[in-house]
Every structure is written in structure tokens, then in C-alpha cells.
Amino acid sequence: MADDSFARIEIANLEGRAQSTRFRQKLLHSLHAALRSSETIIKDAIRADTGHTDSEIALEYTLAISELRTHYESLSLEEDLKNQRALENLKATTNVGIVYITSSNRNQFFSVISSVSSALAAGNCVVLKVFES
């Protein structure tokens, strides 16, 4: 199963799926919808893992959602199309391709969401390893 998943990630990278601005917007939108629909479950899991207070948990969750929104808003289809037609694009960047992310033990939820959302916004495929605390 794991080999199949890695093969699918490699194929997605070779095909350049994650480089499409619309695809990146869709991924970030789907991630946001999943996080919002699972808010209670996520907060309960953070509470069970860390023992933080309700206000600390709410802050971590809110910061993670805010980070995701920041990365989503950084994507502009109009700007991307304009840059594709330009003869010279001095602001051009390239993606890495496949990004391997390991989570931090401190504020694990925030560290995962901020890392994954920035990698997706940059047009990368992501492999995530989460450490248990």
C-alpha cells in the first residue's frame, strides 16, 4: 500500500499536477473544508495529546486556519496567467517537486498545517511524517 502511495505521488509530480494554480486552490480549499468540518474532533485530539487549556487549543487551531488562508490568498490565477504570457518574469519561482515534511512535537497541529499548506501553495507534492508525542 505504501509503495503504491509513493508511486502515485511520483506520477503526480512527473505530470506536474500540483503546478496548476486552480489545482492548488482546490487542494487548499479542500483542506480548509476538512479542517472546519472536523473542528471539534481536532480540538479534542489536541487536548488529549497536550493537556492545553481551551484558550490555548483555540489559539493553535485559529492560527493554523489563518496560515492556511494566507497561503490560499497568495495564489492568483490572473497573476499566474499574466506571468505565463510575459516574455520575462523576474518574480518566477519553481517548485521543488516532492517535499518530505516531518512534524514538530510542539504545537504539532499548527506545524503540520502551516508546512503542508505552504508546500501545496508552492506547487509541491507532499509526503508527511507525523511523530507521536
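These lines cover the structure that appears in this document, whether it is placed above or below. Fair warning: this is a prediction, and the values are worked out from it, not measured in the lab. (Residues numbered from 1 in each chain as written. Predicted model: local features only at pLDDT ≥ 70, side-chain atom pairs only at ≥ 80, totals over all residues. Heavy atoms only, no water.)

### Details of the overall build of the protein
Then comes step 1: In terms of regular secondary structure, the protein is built from six helices and two strands.
Then comes step 2: Shown N-terminal to C-terminal, the secondary structure of the protein runs as helices and strands in the order α-α-α-α-α-β-α-β.
Then comes step 3: Taking the intrachain contacts of the protein between residues at least 6 apart in sequence as the baseline, contacts between residues at least 24 apart amount to 77%.
Then comes step 4: Accessible surface, the protein: about 9,100 Å² in total, of which carbon and sulfur atoms supply 54%. (Helix = DSSP H or I, 4+ residues; strand = E, 2+ residues; numbered from the N terminus. Contact = heavy atoms within 4.5 Å. Areas by Shrake-Rupley, 256 points an atom, 1.4 Å probe, with all protein chains shown as cover.)

### What about the pattern of salt bridges?
Then comes step 1: This structure, assessed with the given rule, holds four salt bridges.
Then comes step 2: The shortest N-O distance in the salt bridge between Asp44 and Arg47 comes to 2.9 Å. With a gap of three residues between them, Asp44 and Arg47 both fall in helix α3 (residues 39–50), about one helical turn apart.
Then comes step 3: Judged by its relative accessible area of 41%, Asp44 falls in the partly exposed class.
Then comes step 4: Assessed through its relative accessible area of 32%, Arg47 is described here as partly exposed.
Then comes step 5: Among the salt bridges present, the one from Arg47 reaches Asp54, with a minimum N-O distance of 2.6 Å.
Then comes step 6: Overall, the relative accessible area of 53% leaves Asp54 in the exposed class.
Then comes step 7: It is possible to trace a salt-bridge network through shared partners that takes in Asp44, Arg47 and Asp54. (Salt bridge = Lys/Arg side-chain N within 4 Å of Asp/Glu carboxyl O. Buried < 20%, exposed > 50% of the residue type's maximum accessible area, 1.4 Å probe, protein only.)

### Some thoughts on the nonpolar core
Then comes step 1: If you look at the biggest cluster of nonpolar residues, it comprises 20 residues, and the most contacted ones within it are Leu35 and Phe109.
Then comes step 2: Contributions of two or more residues to this core are made by α2 (21–37), α3, α4 (54–73), β1 (98–102) and α6 (108–121).
Then comes step 3: Sorting elements by how many residues they give to this core places α6 first, with seven residues.
Then comes step 4: When neighbours within four sequence positions are excluded, Phe109 is seen to be in contact with Leu35, Ile42, Ile46, Glu60, Tyr61 and Ala64.
Then comes step 5: Ile9, Ala12, Cys125 and Val127 belong to the second largest nonpolar core, which has five residues in total. (Core = buried A, V, L, I, M, F, W, Y, C linked by side-chain atoms within 4.5 Å.)

### Concerning the packing of α2 against α6
Then comes step 1: For the pair α2 and α6, interaxial distance at closest approach is 9 Å and the crossing angle is 160°. As far as their axial angle goes, α6 and α2 are roughly antiparallel. Taken together, the residues of α6 that come into contact with α2 (itself represented by Arg24, Leu27, Leu28, Leu31 and Leu35) are Phe109, Ile113, Val116, Ser117, Leu120 and Ala121.
Then comes step 2: Of the residues belonging to the contact of α2 with α6, the class tally is nine nonpolar, one polar and one charged. (Axes fitted to C-alpha atoms, helices over the stretch in contact; angles between N-to-C directions. Parallel < 35°, antiparallel > 145°, perpendicular 65-115°, else oblique. Nonpolar A, V, L, I, M, F, W, Y, C, P; charged D, E, K, R; others polar.)

### Remarks on the pairing of β1
Then comes step 1: Side chains of β1 alternate between two faces, with Val99 and Ile101 buried and Ile98, Tyr100 and Thr102 left unburied.
Then comes step 2: Across five bridges, β1 lies against strand β2 (residues 125–129) in parallel orientation. By the bridge assignment, Tyr100 is partnered in β2 with Val127. (Pairing = 2+ DSSP bridges.)

Purely spatial values, then, with no claim about function.
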